[in-house]
Amino acid sequence: MSDREPPRRRVPGPARPDRPAAGARRPAPGARPARRPAPARPAAPGALRLGSPKPRLRMVSLALTLVLIAFVVRLLQVQAVDASAYAAKADQNRYVGHVLAAERGGILDRNGVALATSVDAYDLTADPTMFTRDQLKIDNGPEQAAALLAPILGLDQDALVQKLRPKNKKLRYVLLARRQTPQVWKQIKDLKSAFTAKGEKDKSTVNVLAGVFADPSSKRIYPNGNLAAGVLGWVNDQGKGGGGVEQELNKDLAGKDGKIRYAQSGGRLVPTAGSTETPAVPGSDVELTIDRDIQWAAQNAISKQVRRSGADRGYVIVQDTRTGEILAMANSPGFDPGDLSKADPNALHNWAVEDAYEPGSTAKIMSMAAVLQENVATPLTHVVVPNRLHRGDRLFKDDIDHDTWNLTLNGVLAKSSNIGTILATGQLGRTQAQANKVLYSYLRKFGIGSYTGLGLPGETKGILAPPEKWSTSQQYTIPFGQGVSVSALQAASVYSTIANGGVRIQPTLVRGTKGPDGRFTPTAKPKKTRVVSEKTAKTLAQMLESVVDDREGTGNKARIPGYRVAGKTGTANRVDPATGQYRGYTSSFAGFAPADNPRITVYCAIQNATSGSYFGGQICGPIYKEVMEFALKTLQVPPTGARAANLPVTF
């Protein structure tokens, strides 16, 4: 076996390609033959078999599809269905609206002198969200800001903190102070600028006033202080009239507020096409019949006498007898309408039209007018006046004790006799009841028991009961001015009626208004009513001269050299408003001049004088003289130069 060659190992040759099946395409020459797939290896025992990824891919695709569908649906809802609602919300957050306050019209006197006017001011506001820790990076932003603002605004620091840190965390607008002067806003702006300048140098500096802003407004001022305050009234913190003409004509004076809507960012205006503005319409100017200078003279005179007499209050009315226009309406004590914080609440009235009181002897002129007009007596009719007169349930007397007086009817008025007036008015009817009805009709014609038509807030119409309700005492006291109540304006109007030849002209206080367009609209002409004949009025004027000129008259202190003066004194028991009982006196004087060609009526009354004399002729007569002299000179009314009638007082 060893001599035999070992068998050769068979070496495998190259693999031959499979023969193509019948009809199959042979590979091109030189082409690489396709490899046979390797046979699958059997899985090892215990090995994990990977699942197919296709189900997972399908799940992910489905989830993504659902998410996309949700987004599409939401976008459709936002962009199409709820688009207007979301746009409105966006505008609400983006746009800020403010009221543009209309400039309040001025109040002028008859000569165009400003009695009340408006000047530029600012309403100070804040955005509380700009004082939070997120904005300022400090916890006590409101406290720091309030500490700076309180002394400038004159407000309580704790109150400011509460406004700058409100309970509503989303609140973006609070009002800090209304109608501050430009100087106040300049102080705050300077502080804000100082913070900004420091912040540029030191980034740790915080501008705690960045959230304080100012809206343009206006502030009411009264250039003459307390002059005519009762007539003018005041404007409250809401910009509305709170008394007097400011309240009565608030609609004309206030104008019409406008509106502005603008885009804002960080409290600053952003110009944009979405901004809108409705301009404010300024209020109308109101021109009064008041003469500032005559008003000053009247107010100065009554204020001095009220202080000197220790009285509760007093008032003076000056009226043009030919037109019924009020030239002055003064009250004392008064107040400054520009600073109500220092005012006595009891002084915030126009007592000249609000106070109802028993006038006393100044009302006797109406009784005399009835007697003369009814032709039951003349100025020369003899009237025997005893020391006492028993009527009804009372024993009547005059202000002074006297023996029996032998007076003319003119003398009854000159000496202001209560008893003589009772006797004279008793002739107006065959019975006392008839006489009462006649007297009542004249009182009504003179305007007693009715509003004057002036329309001022709080005006009283007085107190005048119908004659069938007059008590036993009233039917004898009303003829001399007790048991009936009037206002100072009503009393003045009575004397203006006599001065105007017996025709009552409804008093007026407003001459007209001037609108923003500059057009002047006069007020309607006042109503005129004839009360007594011109003859009766002229006779009454002559009788009133005797009160002032005759040495026995009670109004000597009202004489004015060179002028004929008609006037009447009054001293009445006064009803205390607090108790409803008689306490103290109402002192008054009423009259007009020149007596034979009347131009001006002046009426003065003082309530409850407690120092010195309380007689009307003594404390109101001098006021009448002072104010009348000033008014005659101001209006350049010359004396007539005619002689007085000098009617007899006694027989």
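Notes on the structure in this doc start here. What you are looking at is a predicted structure, and each value in this text was computed from that prediction instead of being measured. (Residues numbered from 1 in each chain as written. Predicted model: local features only at pLDDT ≥ 70, side-chain atom pairs only at ≥ 80, totals over all residues. Heavy atoms only, no water.)

**Looking at helix α14 (residues 418–425)**
Thought 1: Judged by how many residues are buried, α14 sits mostly within the fold: seven of eight residues are covered.
Thought 2: What α14 keeps buried is the set Asn418, Ile419, Gly420, Thr421, Ile422, Ala424 and Thr425. (Buried < 20%, exposed > 50% of the residue type's maximum accessible area, 1.4 Å probe, protein only. Helix = DSSP H or I, 4+ residues; strand = E, 2+ residues; numbered from the N terminus.)

**Digging into the packing of helix α4 (residues 141–153) against helix α5 (residues 157–164)**
Thought 1: Their axes nearest at 8 Å, the elements α4 and α5 cross at an angle of 135 degrees. In terms of orientation, α4 lies oblique with respect to α5. Crossing of α4 over α5 shows right-handed handedness. For the pair formed by α4 and α5, the contact residues are Pro142, Glu143, Ala145, Ala146, Ala147, Leu149 and Ala150 on the first element and Gln157, Leu160, Val161 and Leu164 on the second.
Thought 2: Here the residues of the contact of α4 with α5 are counted per class, giving nine nonpolar, one polar and one charged. (Axes fitted to C-alpha atoms, helices over the stretch in contact; angles between N-to-C directions. Parallel < 35°, antiparallel > 145°, perpendicular 65-115°, else oblique. Left-handed = near helix turned anticlockwise from the far one by under 90°. Contact = heavy atoms within 4.5 Å. Nonpolar A, V, L, I, M, F, W, Y, C, P; charged D, E, K, R; others polar.)

**Examining the pairing of strand β21 (residues 582–593)**
Thought 1: Summarising the sheet, strand β20 (residues 566–575) and β21 pair through nine bridges and their orientation is antiparallel. Directly across from Gly570, in β21, lies its bridge partner Ser588.
Thought 2: Where β20 hands over to β21, the hairpin turn is made up of six residues, of which Gly580 adopts a positive phi near 75 degrees.
Thought 3: When β21 meets strand β22 (residues 600–607), the two strands line up antiparallel, connected through eight bridges. In the strand pairing of β22, Phe589 is matched with Cys604. (Pairing = 2+ DSSP bridges.)

**Concerning the side chain of Ser361**
Thought 1: Here Ser361 is to be found in the loop between α11 (351–354) and α12 (364–373).
Thought 2: Looking at Ser361, its side chain comes within polar contact range of the side chain of Ser416, at 3.0 Å.
Thought 3: With near-sequence residues (within four places) excluded, Ser361 lies in contact with Ser416, Asn418, Phe480, Lys568, Thr569, Gly570 and Thr571. (Polar contact = N/O pair within 3.5 Å; in protein donor to acceptor, adjacent residues only side chain to side chain.)

**Digging into the pattern of salt bridges**
Thought 1: If you walk through the whole model with that rule in mind, you get 19 salt bridges.
Thought 2: Residue Arg511 pairs with Glu287 through a salt bridge whose shortest N-O separation is 3.5 Å. Taken together, the residues span a long stretch of sequence, with Arg511 in strand β17 (residues 510–514) and Glu287 in strand β9 (residues 285–288) at a distance of 224 residues.
Thought 3: Judged by its relative accessible area of 28%, Arg511 falls in the partly exposed class.
Thought 4: Its relative accessible area of 18% is what places Glu287 among the buried residues. (Salt bridge = Lys/Arg side-chain N within 4 Å of Asp/Glu carboxyl O.)

**Observations concerning the layout of surface pockets**
Thought 1: Of the pockets and cavities examined, the second largest pocket occupies roughly 530 Å³.
Thought 2: Lining the second largest pocket are 24 residues; nearest its centre among them are Asp399, Asn418, Phe480, Gln482 and Asn573.
Thought 3: Sorting the residues of the lining of the second largest pocket by element identifies β14 (394–396), α16 (474–477), β20 and β21 as the ones contributing at least two each.
Thought 4: For the lining of the second largest pocket, a count of residues per class yields eight nonpolar, eleven polar and five charged. (1 Å grid on protein atoms, 1.4 Å probe; cavity = no way out; pocket = protein on both sides within 12 Å on 5 of 7 lines; lining within 4 Å. Points joined across faces, edges and corners; volume = space filled by probe spheres on them.)

**As for the nonpolar core**
Thought 1: The biggest cluster of nonpolar side chains holds 91 residues, and the ones touching the most others in it are Val245, Leu288, Ile317, Met329, Ile365 and Tyr603.
Thought 2: By residue number, the principal contributor to this core is helix α17 (residues 488–499), which donates eight residues.
Thought 3: Residues in contact with Met329, not counting those within four places in the same chain, are Val231, Ile290, Gln295, Val316, Ile317, Asn350, Ala352, Val353, Leu454, Leu456 and Leu489.
Thought 4: Formed by 32 residues, the second largest nonpolar core is a distinct cluster that contains Ala298, Ala330, Ile600 and Met628. (Core = buried A, V, L, I, M, F, W, Y, C linked by side-chain atoms within 4.5 Å.)

Geometric values such as these leave the question of function open.
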